[in-house]
Structure formats: C-alpha cells, structure tokens
Amino acid sequence: AAASLPRADAGLAAHAAALVNWHRRHGHCSVCGAPTAVAEGGILRRCPRCGAEHHPRTDPVVIMVVYDGAERVLLGRSPAWPPGRYSALAGFVEPGESLEEAVVREVREEAAVELGPPRYVSSQPWPFPSSLMLGFLVPWRSGEPRVGDGELEDVRWFGREAVTAAIEGREAPLDVPPRLAIARRLLERWVTESANGLAPARPRG
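So, here's what we can say about the structure.

Procedures and definitions
- Residues numbered from 1 in each chain as written.
- Predicted model: local features only at pLDDT ≥ 70, side-chain atom pairs only at ≥ 80, totals over all residues.
- Heavy atoms only, no water.
- Helix = DSSP H or I, 4+ residues; strand = E, 2+ residues; numbered from the N terminus.
- Buried < 20%, exposed > 50% of the residue type's maximum accessible area, 1.4 Å probe, protein only.
- Contact = heavy atoms within 4.5 Å.
- Areas by Shrake-Rupley, 256 points an atom, 1.4 Å probe, with all protein chains shown as cover.
- Lys, Arg positive; Asp, Glu negative; His and termini not counted.
- Charge placed at Lys NZ, Arg CZ, Asp CG, Glu CD.
- Pairing = 2+ DSSP bridges.
- Expected span 1.5 Å × (residues − 1).

**Remarks on the overall build of the chain**
Of regular secondary structure, the chain possesses 4 helices and 10 strands. Sequence-ordered secondary structure for the chain, helices as α and strands as β, is α-β-β-β-β-β-β-α-β-β-β-β-α-α. By its C-alpha atoms, the chain is 60 × 40 × 30 Å across when sized along the principal axes. Classification of the 205 residues of the chain by burial places 43% in the buried group. Counted over contacts in the chain with a minimum sequence separation of 6, partners at least 24 positions apart contribute 59%. A total accessible area of about 11,000 Å² is found for the chain, and carbon and sulfur atoms account for 54% of it. Charge-centre separation for the chain: the mean point of 24 positive side chains lies 3 Å from the mean point of 25 negative side chains.

**Describing the pairing of strand β4 (residues 59-68)**
Here is the key point about a regular strand: its side chains alternate between the two faces of the sheet. With 9 of 10 residues buried, β4 lies mostly within the body of the structure. Here β4 pairs with strand β9 (residues 131-142) via 9 bridges, running parallel. For V65, the partnering residue across the bridge sits in β9 and is L137. Alignment of β4 against strand β5 (residues 72-77), held across 3 bridges, turns out to be antiparallel. Note on β5: the bridge partner recorded for D68 is R72.

**A look at helix α4 (residues 182-195)**
The terminal C-alpha atoms of α4, which comprises 14 residues, lie 20 Å apart, in line with the 20 Å expected from a rise of 1.5 Å per residue. Among all positions of α4, only I182, A183, R184, L186, L187, W190, V191, E193 and S194 are buried. Turning to α4, the residues buried within the fold contact β4, β5, β8 (119-126), β9 and α3 (160-167). Following α4 by one or two positions, G197 adopts a phi angle in the positive range, close to 70 degrees.

Structural measurements only, silent on function.
Now the structure itself:
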C-alpha cells in the first residue's frame, strides 16, 4: 500500500504497522515476565506486577551507496530479491557503535572494500518490523569487491549509464528498488550529483 499512498499517509501507515508489530511481540514484561497492559493510547505497555514501563523500539539500520567518483556505484544482491534486483548495502547498527562506524564495518563485511568518510543524506522508517533506515553516500577508497559474510549472493560495480537506465525504466543490466525505498532515492541522488559534477572524486592516500 505504501507504494500508492501519498508520503504523509505512508508515514501514518508505517507508524501503525510498527506499533502493531511491537504489540504482537511484546505482550510480556522483559523484567519479570508478567503480561503487560496497553497504556497511553497504545504507545506504552505497563507491567501491573513490577511497574516497569515499555516503549516501542526502533532499530537503527545504515544503508549506503558506495561510489567511485562519478562513474560507478557498488551494489549488492540478496538471493531473496526479484531476478536482476541490486540495491544499496545495509546493516544494523551494533551497540556502542556510531553510524559512521557501522557504515564502514558493514561494507567491509559484505563487500570487503575500504571507504572514505560517509556523508549522511536522509532517513526512512521501515516497519518490517521496526527499523529506521539511515541513508549515506560514501566514497570507495580501496579494495576489489567480493562477497564477504555470505548475506549477499553477489556484489559488483555498475556504471552511471546502467543505473540511470534502470531508474528511468529503460533496458538495463540490473533492476533497482521501487520508488518508495530509500535505496532508490540514494541512487537517484548519486545520479543527479554525478551528472552535475557534484560527486566527490575518490579520496587519495
């Protein structure tokens, strides 16, 4: 439904889906195990036994388009996706880790390459079940991409022409995520910046 809803309505749907998922999974107190009661209009669960209050959880996820100057982007493919679909690399932020550290670690684990400084672009709630996607553009520094930790079945470079064709719905060697996904918006941002000479060159050193 989110693909056909206006942005504001899609945000409400994401909020509702996230709350429903949270209530389904958190019916008992994580402190003492007793059943909890809904409070404050559904944005709180309170334990009648020990008094603990539980709020909905949001899990931060970094998602990043790795680029080599204005000519190429590094994308990965999950075996669960439709045929030909490639997208930005992504992963959960670990406890005690900054967003920038998570970007570098996830790309190293999934594609075995080293990066320059990540640049934050935008965010998107993703209630499947309760994530907040934090989008970055990040320059490639060194290393040849290869599948790292086994979560992806392929990782490779795609040129700007191929990515542009896929975004515009023309024949291309890849399929990109739908417009509702932040990965698509990150790719569109890189295409625009690279076409206008705004994409920084590969860092040296």
